[in-house]
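Each chain, written out:
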Amino acid sequence: MSIWKAAARASTAALTAVLATLACASPAGAVPPLALDPFYTYDGPTPLAKVAPGTVLDVRTVPFHLASVPLPLQAVQLLYRSTGQRGQPTVNVTSVVNAVPGALRSPARKVISYQSFYDSLNPADQPSFAIAGGLTFGGLVNSVEVALIAPFLTRGYSVVIPDTEGQEANFAAGPEYGMNTLDGLRAALMAPEAKLARDARIGMVGYSGGAIATEWAAELAPSYAPDVDARLIGSAMGGVLVHPAHNLHYVSGSQVWAGVMPMAIAGVARSFDIDLTPYLSEYGLRVFTKMQDASIAEVLGAYPGLTWEDIAKPEWETPEQIPIYVRVVNELIMGTGGTPSSPLFIGQGAKGEIEGTKGDKPGIGPGDGVMIAGDVRSLARQYCDAGVAVQYDQYDNLSHVGSTEPWTPAAISWLEARFRGEPAPENCAQIAPGNPLDPIPRVEEPAPPAPAPGRETPTDATPAAAAAPTTGERDVAPASTAAAAAPARPTTASPTCLGKRATIVGTAGTDVITGTRRADVIVARRRRGHRQRRRRQRPHLRRRRQRPPVRGHRRRPPVRRYGRRPPARRRRAGSALRGSRTGPVHGRAGTRPGQRLRAAGPRVAEGPPVRL
């Protein structure tokens, strides 16, 4: 243990010195943006849906970069086929880094799958882009993690680093994390360029966001990737996100971790392709928009004290009231996808007050500031009951960041013992009970209220055609929404006025519509009657009846008392206009100033002469 602790501290110190040096260094070469890199795109002739998960689609070898500066290491990057959160075929990238030159190693039979905690909604922050030389603010997390993989590389291990969130950066989508990890291991074992033995043994490790991928890969491996599961010797994880719905309440109001709440909402909406913006307030929409490309490095401490009430509309007091949220978040609870077949090492902090998160919320209890210790204990006990050897360590006086110091050397030593073939330790009997991990009860749509007294309802109407509540302006819904919510069934009930509100019942195959007099959801009959009443009350709005023209006659416009009158047109044959025989009215023979003009049409008013 002391050797690994010293190695970890030495690596951290060396990395700090390197990063300080890199502050004034210039990149060795420009790297094209991720969107312009053709390596991340599959354009093969075979449809992606017909390609087996884990199939290698493209290969390239790049120098391993630390903050865009190349190191004397080579990384083999593989583009492979994987599976998204909704079951859709996707492509993803993993990077294979072999041991440093001169290190004692077996022929690549010991493989560490390291899952990064880059935690970002920006695809450019993923490990493969940083390893290839890309430099982003969120991608600097990958440079820090070199201190965690360096001990393995110096002792002869090959390290596989997948882009756990996929190429769309689906943050917090645990099952997708796991499938990307397992398919990346499949691709690494199949690609000759990776130089991994077919019978290589694999250990998985990850902290925080990397623990999400590690745990989901361990529980999905027996069913999703049994070929990889047969090679697993164990998984080490720390700072574990077990029940995301609990964590949303836990970080609400935190001084440091509150920004993770809208970040997770954006990630879940993206991964499940759902729209949660109708439930967000105006401020929540602004925060949600800013989160679309945010990383964990940009969010920490940026929203101190942010709560659910700050980003949601007042009518949604808790997220559990939103049906679509309940459906998707229940799919992210750990332990619902299967049971790991290999041993587990789990470390968890429990002093979140250090990082500004209270641990006295009912039903949640203490945590490390972002992860809940009671949920992690319940997951460990669940796997213990299923026969899995679980070693659980809880750091009662450390927070999420501080727990990495004892967890890192303990995880490395635990994995080293598994590769040596030693029996996995377990302390299931000493794990204290935790929080219930039951799924959130499904939210049913509210039942329609009973019809108002005195309203006639057709006997053949369905329950969906019942009247909507009429107790507030918020109940007004667009006609398109109301028409789509209930089947089109002809009704014969007439409108019933209730004070200032009016409940309108359609008569032409529509359903019940509830609205105010100012609303736009009034049927045509009411609109037509409203226009007729306005015409009776305001005579100037009445339609002027146009007298049909007499054949051979043309109305003459009235003579204007002031200004110029449009020039008269040429008289038609047979015109009944008297006085002038030619075009203009004045200044010709047969007319005189002030002469009254008479015609067969309407009477023309007298007036002073008008000069044309």
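Residues numbered from 1 in each chain as written. Predicted model: local features only at pLDDT ≥ 70, side-chain atom pairs only at ≥ 80, totals over all residues. Heavy atoms only, no water.

Chemist: Help me out: how do you make sense of the overall build of the chain in this one?
Modeler: Within the chain one finds 17 helices and 12 strands. A burial count over the chain gives 49% of its 612 residues as buried. In the chain, the proportion of contacts linking residues at least 24 apart, taken out of those at least 6 apart, comes to 73%. Counting every atom, the chain has about 30500 Å² of accessible surface; 55% of that belongs to carbon and sulfur. (Helix = DSSP H or I, 4+ residues; strand = E, 2+ residues; numbered from the N terminus. Buried < 20%, exposed > 50% of the residue type's maximum accessible area, 1.4 Å probe, protein only. Contact = heavy atoms within 4.5 Å. Areas by Shrake-Rupley, 256 points an atom, 1.4 Å probe, with all protein chains shown as cover.)

Chemist: Looking at this structure, I do not really get the side chain of Asp 375. What am I missing?
Modeler: Of note, Asp 375 is situated in helix H14 (residues 373-385). Within polar-contact distance, the side chain of Asp 375 engages the side chain of His 246 at 3.2 Å. If we skip the residues at most four places from it in the chain, Asp 375 touches Val 242, His 243, His 246, Asn 247, Asn 435 and Leu 437. (Polar contact = N/O pair within 3.5 Å; in protein donor to acceptor, adjacent residues only side chain to side chain.)

Chemist: How should I be thinking about the sheet that holds strand E3 (residues 89-97) in this particular structure?
Modeler: Strands in a sheet are paired, the pairing made by backbone hydrogen bonds, and the direction either parallel or antiparallel. Pairing is mixed in the open sheet, where 9 strands are placed in the order E1-E2-E3-E5-E4-E6-E7-E8-E9. Across the chains shown, the open sheet's two edge strands, defined by having one partner strand only, are strand E1 (56-66) and strand E9 (390-395). Taken over all neighbouring pairs, the strand axes of this sheet differ in orientation by 20° on average, direction set aside. Sheet topology note: the strand E8 (residues 344-349)/E9 ladder contains 6 bridges and is parallel. Bridging across to E9, Gly 347 finds its partner in Asp 393. Across the face of the sheet, helix H4 (residues 146-154) comes into contact with E1, strand E2 (69-83), E3, strand E4 (110-115) and strand E5 (158-162) while running at roughly 150° to E5. (Pairing = 2+ DSSP bridges. Axes fitted to C-alpha atoms, helices over the stretch in contact; angles between N-to-C directions.)

Chemist: Hey, could you run me through empty space enclosed by the protein in this one?
Modeler: Empty space left among the atoms is revealed by rolling a probe the size of a water molecule over them. Counting across every chain of the model gives 8 cavities of 30 Å³ or more. Considering only enclosed or pocket space, the largest cavity measures out at about 130 Å³ in volume. Elements supplying a minimum of two residues to the lining of the largest cavity: E1, helix H2 (127-131), helix H3 (140-144) and H4. In terms of residue class, the lining of the largest cavity is built from 10 nonpolar, 4 polar and 1 charged. (1 Å grid on protein atoms, 1.4 Å probe; cavity = no way out; pocket = protein on both sides within 12 Å on 5 of 7 lines; lining within 4 Å. Points joined across faces, edges and corners; volume = space filled by probe spheres on them. Nonpolar A, V, L, I, M, F, W, Y, C, P; charged D, E, K, R; others polar.)

Chemist: What am I meant to see in the packing of aromatic side chains here?
Modeler: Two aromatic rings are characterised by how far apart their centres lie and by the angle between their planes. What the rule picks out here adds up to 6 aromatic pairs. Between the aromatic rings of Phe 152 and Tyr 157, the centroid separation amounts to 5.6 Å while the plane-to-plane angle is 85°, which identifies the pairing as edge-to-face. With centroids separated by 4.9 Å and ring planes inclined at 80°, the aromatic side chains of Tyr 279 and Trp 316 adopt a geometry described as edge-to-face. Taken together, the residues Tyr 279 in the loop between helix H9 (260-272) and helix H10 (282-290) and Trp 316 in the loop between helix H12 (308-311) and helix H13 (323-329) connect sequence positions 37 residues apart. By relative accessible area, Tyr 279 is classed as buried at 18%. The ring of Tyr 224 carries Arg 186 above its face, with NZ or CZ at 5.3 Å from the centroid. A cation over a ring is seen here: Arg 418 above Trp 414, with NZ or CZ 4.9 Å from the ring centre. (Phe/Tyr/Trp six-rings, centres within 6.5 Å; stacked < 30°, edge-to-face > 60°. Lys NZ or Arg CZ within 6 Å of the ring centre and 35° of its normal.)

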